[in-house]
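Summary of the model geometry
These are the residues of each chain, in order.
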Amino acid sequence: MPASYAYLGPEGTFTEVALRTLPEAATRELIPYVSVQSALDAVRTGDAEAAFVPIENSVEGGITTTLDELVAGQPLMIYREVLLSITFALLVRPGTRLSDIKTVTAHPAAQPQVRNWLKRNLPDVVWESAASNADGARLVQEGRYDAAFAGEFAAARYGLEALETGIHDAENAQTRFVLVGRPARPAAPTGADKTSVVLWQRDDHPGGLRDLLGEFATRGINLMLLQSRPTGAGIGNYCFCIDAEGHISDRRVAEALTGLKRICLQVRFLGSYPRADVAMEDVRPPLPGTSDEEFVAAADWVARCQDGRF
Ligand SMILES: O=C(O)C(=O)Cc1ccccc1
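Everything numeric in this text was worked out from a predicted model, so none of it was measured.

Thresholds, definitions, all that
- Residues numbered from 1 in each chain as written.
- Predicted model: local features only at pLDDT ≥ 70, side-chain atom pairs only at ≥ 80, totals over all residues.
- Heavy atoms only, no water.
- Pairing = 2+ DSSP bridges.
- Helix = DSSP H or I, 4+ residues; strand = E, 2+ residues; numbered from the N terminus.
- Axes fitted to C-alpha atoms, helices over the stretch in contact; angles between N-to-C directions.
- Contact = heavy atoms within 4.5 Å.
- Phe/Tyr/Trp six-rings, centres within 6.5 Å; stacked < 30°, edge-to-face > 60°.
- Buried < 20%, exposed > 50% of the residue type's maximum accessible area, 1.4 Å probe, protein only.
- Salt bridge = Lys/Arg side-chain N within 4 Å of Asp/Glu carboxyl O.
- Near = heavy atom within 4 Å.
- Polar contact = N/O pair within 3.5 Å; in protein donor to acceptor, adjacent residues only side chain to side chain.
- Areas by Shrake-Rupley, 256 points an atom, 1.4 Å probe, with all protein chains shown as cover.
- Nonpolar A, V, L, I, M, F, W, Y, C, P; charged D, E, K, R; others polar.
- Domains from an automatic or database assignment.
- UniProt positions renumbered as here; feature names shortened; annotations may be inferred.

Through backbone hydrogen bonds, the strands of a sheet pair up, either in parallel or in antiparallel fashion. Judged by pairing direction, the sheet is antiparallel, and its 4 strands sit side by side in the order β13-β14-β12-β15 without closing on themselves. Two strands bound the open sheet, and with one partner strand each, they are β13 (223–230) and β15 (264–274). Adjacent strand axes in the sheet meet at a mean angle of 15° when their direction is disregarded. Looking at chain direction, β13 and strand β14 (residues 238–245) are connected through 7 bridges and run antiparallel. Across the sheet, the residue bridging to Q227 is C241, located in β14. Docked against the sheet, helix α7 (residues 208–217) engages β12 (193–201), β13, β14 and β15, running at close to 155° with respect to β12. Lying over the sheet, helix α8 (residues 251–263) contacts β12, β14 and β15, oriented at roughly 160° with respect to β15.

What follows covers the packing of aromatic side chains. The geometry of two aromatic rings is summed up by the distance between their centres and the angle between their planes. On inspection of all chains with the given rule, the structure shows 5 aromatic pairs. Residues F52 and F177 carry aromatic rings whose centres are separated by 5.8 Å and whose planes lie at 10° to one another, so their mutual orientation is stacked. On the criterion of sequence distance, the pair formed by F52 in strand β3 (residues 50–57) and F177 in strand β11 (residues 174–181) is long-range, its members being 125 residues apart. F177 gets classed as buried once you look at its relative accessible area, which sits at 2%.

This paragraph deals with the pattern of salt bridges. Overall, the coordinates contain 21 salt bridges when judged by the stated rule. Here R229 makes a salt bridge to D68, at a shortest N to O gap of 2.6 Å. On the criterion of sequence distance, the pair formed by R229 in strand β13 and D68 in helix α3 (residues 64–71) is long-range, its members being 161 residues apart. Residue classification places D68 among the partly exposed positions, given a relative accessible area of 31%. With its nearest N and O atoms 2.7 Å apart, the salt bridge here joins R176 to D243. With R176 in strand β11 and D243 in strand β14, this residue pair connects regions lying 67 residues apart in the sequence.

This brings us to the site of the ligand. With respect to spatial proximity, 13 residues lie near the ligand, and among them T13, F14, T15, S132 and N133 are the closest. Here an oxygen atom of the ligand and a backbone polar atom of F14 are 3.0 Å apart. Contact distances for the ligand include 2.9 Å between an oxygen atom and a backbone N or O atom of N133. Here the ligand, which alone exposes 310 Å², has 100% of that area covered by the protein. In terms of residue class, the shell around the ligand is built from 6 nonpolar, 7 polar and no charged. For the shell around the ligand, the two domains that each supply at least three residues are domain 1 (1–86 + 173–184) and domain 2 (88–167).

A separate point is the pairing of β15. In terms of residue burial, β15 counts as a mostly covered element, since 8 of its 11 residues are buried. Here β12 runs beside β15; their pairing, made up of 9 bridges, is antiparallel. Its bridge partner lying in β15, V197 is registered against F269.

The positions that UniProt labels "domain: ACT" (unreviewed entry) are, in the present scheme, residues 197–274. The span residues 197–274 is 29% helix and 41% strand, and its two end C-alpha atoms sit 15 Å from each other.

Under the domain assignment, the protein chain is made up of domain 1 (1–86 + 173–184), domain 2 (88–167) and domain 3 (195–309). Between the C-alpha centres of domain 2 and domain 3 there is a distance of 42 Å.

You can see S132 is positioned in the loop between β8 (126–129) and α5 (133–141). Sequence-distant contacts of S132, that is, excluding residues within four places in its chain, are made with L8, G9, P10, T13 and H107.

So, about the UniProt feature "domain: Prephenate dehydratase" (unreviewed entry) in the protein chain. Feature annotation in UniProt places "domain: Prephenate dehydratase" (unreviewed entry) on residues 4–182, given in this structure's numbering. Between the C-alpha atoms that bound residues 4–182 the distance is 13 Å, and the span itself is 27% helix and 34% strand.

Secondary-structure assignment places H205 in the loop between β12 and α7. Within the local environment of H205, its side chain forms a polar contact with the side chain of D203, the two groups lying 2.7 Å apart.

Strand order in the open sheet made by the 5 strands is β8-β7-β9-β6-β10, with mixed pairing throughout. Each edge of the sheet is formed by a strand with only one pairing partner; in this case those strands are β8 and β10 (161–167). Neighbouring strand axes in the sheet, compared pairwise and without regard to direction, differ in orientation by 25° on average. Relative to β10, strand β6 (residues 88–92) runs antiparallel, the two being bridged by 4 bridges. What sits directly across from F88, in β10, is I167. The sheet strands contacting α5 are β6, β7 (103–106) and β9 (147–150), and the helix crosses β9 at an angle near 160°.

Here you go:
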């Protein structure tokens, strides 16, 4: 298997910066790809061992191209997550002044994070989407646009200068990135883990979503992401991307997934992996009645009843 990680490139993306915080990235060849799709395809075809892509930000929620890629096609699995605090720099060709800027570009996920700044400082500017923030910087270098929102670190790479730095509409905006590979046994639980799944309802009925969520709620499992995505089968037809606290080897998580498998049309397991947002000591203890020991004891009791040994 090639020891390479694909990532959303080109060089100088926030994705690359986040990837380089993973210790295992130091022992891999890091290969930039032009899109999330092409990076994930490289994993599917076996050209890359894993791909590193943005999946969620704290301002707008899920990054839909990534969710849609994970929801459909040959199954993939999330192995790691990284959180990165993000502020943007406005990058221009040297000598450009704010009043010269008629067009700006960046990744679509950047727009909600700089919208107010743009309204205040460049209200008449035309926004064009780029494949990534670093790709926007590259397009400015080529003269295609006047300015790009990107990481300040991308300026040197593309011969640009930062007219303004620290641009952020929301305080503490964070982006979450994931390392995605082909399905295999998830890493052992760390005590601070997260499980990602996609759920398809069997049929449309009142309380249908509540039934799905109930499988988590009755087992004391907290949810960290709930994002509906259209299935493509018509208006009103959605699947649900869910991140839940815990690891598939936790009894309460395994039982919730068992329940979901029984009642859903389809369940896609996207992985159990260490949480980047909290350390083990800060994880809430299981609610009363939902620890592994209590699940095992209850299952033992049922088995004894079935045997007439209670
Ligand atoms: O990594 C990048 O530079 C991207 O283009 C993805 C992205 C978009 C917005 C915020 C953080 C990362």
